[in-house]
Amino acid sequence: MTDSLPASFSAGGAAGFVDRVEGAPLPVVRVFGWYAKSAMPDLAVVTSEARSVQVSAVSRCRRADVLAAGASQELFSGFRAEFLLHPGEQPEQLLVGGCVVHRFAPGSGFSSLEPHYFSFFSQTRVMGRESIYGYGPPVDMPDEFREFAAMASGRVLDFGSGNGDLVAFLRRQGRDAYGLELDEPHIRGALKADAAAHVTLYGGGCPLPFGDHAFDWIVSTEVIEHVPGIAAYVSEFARLLKPGGRLLLTTPDITSIPSSFPANCVPWHLLESTHVNFFTPQSVAGLFESCFHLESLYCLGAGRVNGLFVPGSIGAVFSVRGADPQITE
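Along each chain, numbering runs from 1 in the same order as the chain's sequence is written. Reporting of local features is limited, given that this is a predicted model, to residues whose pLDDT is at least 70; pairs of side-chain atoms are given and counted only at 80 or more, and all residues count toward the totals for whole chains, interfaces and linings. Only hydrogens and water are set aside; all other atoms, that is, all heavy atoms of the structure, feed into the side-chain values.

### Describing the overall build of the protein
What counts, and what does not: Every helix listed is a DSSP run of H or I at least four residues long, and every strand listed is a run of E at least two residues long, numbered separately from the N terminus. In this analysis, two residues are considered to be in contact whenever any of their non-hydrogen atoms come within 4.5 Å of each other. For every accessible area listed, the method is Shrake-Rupley and the probe measures 1.4 Å; residues are considered covered only by the protein chains on display. Counted charges follow a simple rule, with Lys and Arg positive, Asp and Glu negative, and His plus the chain ends left uncounted. One atom stands in for each charge, and that atom is NZ of Lys, CZ of Arg, CG of Asp or CD of Glu.
Helix and strand counts for the protein come out as eight helices and 18 strands. Summarising its shape, the C-alpha atoms of the protein cover approximately 85 × 40 × 35 Å along the three principal directions. Of the contacts made within the protein by residues no fewer than 6 positions apart, 64% connect residues no fewer than 24 positions apart. Summing over all exposed atoms, the protein offers an accessible surface of approximately 16200 Å²; the carbon and sulfur share of this is 54%. A distance of 4 Å separates the average location of the 23 positive side-chain charges in the protein from that of its 34 negative side-chain charges.

So this is what it looks like as structure tokens:
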């Protein structure tokens, strides 16, 4: 037994190695190594709850290096074994054939994050498209998006206000903020008490239920990607704004897909089933150019995958055509 890896073991009269363990911060322990026989020995992880966790899935992997070294006659002598933990549970020991092969360091960080779609690790049924491309109730805005929206001043309309989180935030910041959202049960049930009186629920579509020149700013955060026929709303937004009024919006940047290509992944938020429009910075500018002047583009919610920059959302501020293009607070 060793506290460090790689570590050798012997089980069933054959040799093997545990090369490494991974998985933190997920509640998943992944064990990588090789074993000289085609039939795997028993594997288990003992946890901080004194629970013996059996392997949930084990797959054999090609290991030409082991074959070339003469350590095994099996080309697929490698293995990847996965163990699913409870939330907050930590692995303490790795057992192979009933013997302790590795002790995990205290505070190794497993189970500190439960990802969306975690149930997929243990799913036994064949799932349809509706199980993958889902949606949930409206959620609060991240701080970065709130701070961006706080650029708005005066009388503000939050188009697609969700649970009212941004309306409540803007009102706390001294803005005369109001929301507009679809009149649907999951919206009504999620509305925040301090925003509900300032949010108008309606049946959708155009015209929007407000008079001409009713607002100084319109903000719309992570909404226009959900709206069928979004082009019809461009002139409506212009109608609702006072002379010199401005439109501020954010929407996912679809260039995250080619940006993620070298990392062989796709941004998970694109699995949102109610996305019907997919934007680049150029197409956002083009969509609104008939009625608006683009003042500035912004980048929000970006990240890195394997060191590669991956865009998050496009931010944009527009002014109504013919208005002074300088932002005034």
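### Quick look at the confidence of the model for the protein
Just so we agree on the cut-off: The pLDDT value expresses, per residue, how confident the predictor is, ranging between 0 and 100.
Put simply, the protein has an average pLDDT of 94, and 97% of its residues get 70 or more. With pLDDT under 50 throughout, residues 323-329 is counted as low confidence; its partners more than four residues away or in other chains account for 20 contacts.

### What to know about the pattern of salt bridges
We count it as follows: Any carboxyl oxygen of Asp or Glu that lies within 4 Å of a side-chain nitrogen of Lys or Arg is treated as forming a salt bridge with it. The buried label goes to any residue with under 20% of its type's maximum accessible area, the exposed label to any with over 50%, and the partly exposed label to all in between, with areas taken from a 1.4 Å probe on protein chains only.
Tallied over the full model, the rule gives 18 salt bridges. Asp 65 is the salt-bridge partner of Arg 63, the closest N and O atoms lying 2.9 Å from each other. For Arg 63, a relative accessible area of 19% corresponds to the buried category. Relative accessible area serves as the criterion here: at 45%, Asp 65 is assigned to the partly exposed category.

### Observations concerning the layout of surface pockets
This is how the line gets drawn: Buried and open spaces are told apart on a 1 Å grid over the protein atoms alone, a cavity being a set of points where a 1.4 Å probe fits but cannot get out and a pocket being an open set with protein on both sides within 12 Å along at least five of seven lines. Residues with an atom within 4 Å of a point are the lining residues. Grid points are joined across faces, edges and corners, and a volume is the space filled by probe spheres set on the points. Residue type decides the class: Asp, Glu, Lys and Arg count as charged, Ala, Val, Leu, Ile, Met, Phe, Trp, Tyr, Cys and Pro as nonpolar, and the leftover types, Gly among them, as polar.
In this structure, the second largest pocket occupies an estimated 310 Å³ of space. Lining the second largest pocket are Ala 263, Asn 264, Cys 265, Val 266, Pro 267, Trp 268, Leu 271, Val 305 and Asn 306. Here the residues of the lining of the second largest pocket sort into seven nonpolar, two polar and no charged.

### Things to note about helix H8 (residues 281-288)
This is how it is decided: What the arc covers is the set of directions going from the helix axis to the C-beta atoms.
Regarding H8, the residues found buried are Val 284, Leu 287 and Phe 288. Take H8 and look down its axis: the buried residues cluster within an arc of 85°, on one side only. Where H8 is buried, its residues contact helix H6 (233-240), strand S14 (241-252), strand S15 (292-300) and strand S18 (313-320).

### Observations concerning the sheet that holds strand S7 (residues 78-84)
Where we set the bar: In this description, strands pair whenever DSSP reports at least two bridges between them. Here the axes come from fitting lines to C-alpha atoms, over the contacting stretch only for helices, and the angles between their N-to-C directions go from 0 to 180 degrees.
In space, the five strands of this open sheet follow the order S1-S2-S3-S7-S6, with antiparallel pairing throughout. Either end of the sheet is taken by a strand with one partner, and the two such strands are strand S1 (7-11) and strand S6 (57-61). Strand-to-strand, the axes of this sheet are offset by a mean angle of 30°, without reference to chain direction. As paired elements, strand S2 (residues 14-22) and strand S3 (residues 28-35) share six bridges and run antiparallel to each other. Paired with Phe 17 across the strands is Trp 34, a residue of S3.

### Quick look at the nonpolar core
Rule in force here: Residues belong to one nonpolar core when they are buried, are Ala, Val, Leu, Ile, Met, Phe, Trp, Tyr or Cys, and are joined through side-chain atoms within 4.5 Å.
Within the largest apolar cluster, 31 residues are counted, with the highest numbers of intra-cluster contacts made by Phe 159, Phe 237, Phe 288 and Phe 292. Counting only elements with at least two residues in this core, the list comes to strand S10 (155-159), strand S13 (215-221), H6, S14, H8 and S18. Per-element accounting of this core gives the leading share, five residues, to H6. Once residues lying within four places of it in the same chain are set aside, the contact partners of Phe 159 are Leu 180, Tyr 202, Leu 208, Ile 218, Val 219, Ser 220, Val 223, Val 227, Tyr 233 and Phe 237. Ala 36, Phe 79, Val 96 and Val 101 belong to the second-largest nonpolar core, a separate cluster that totals 23 residues.

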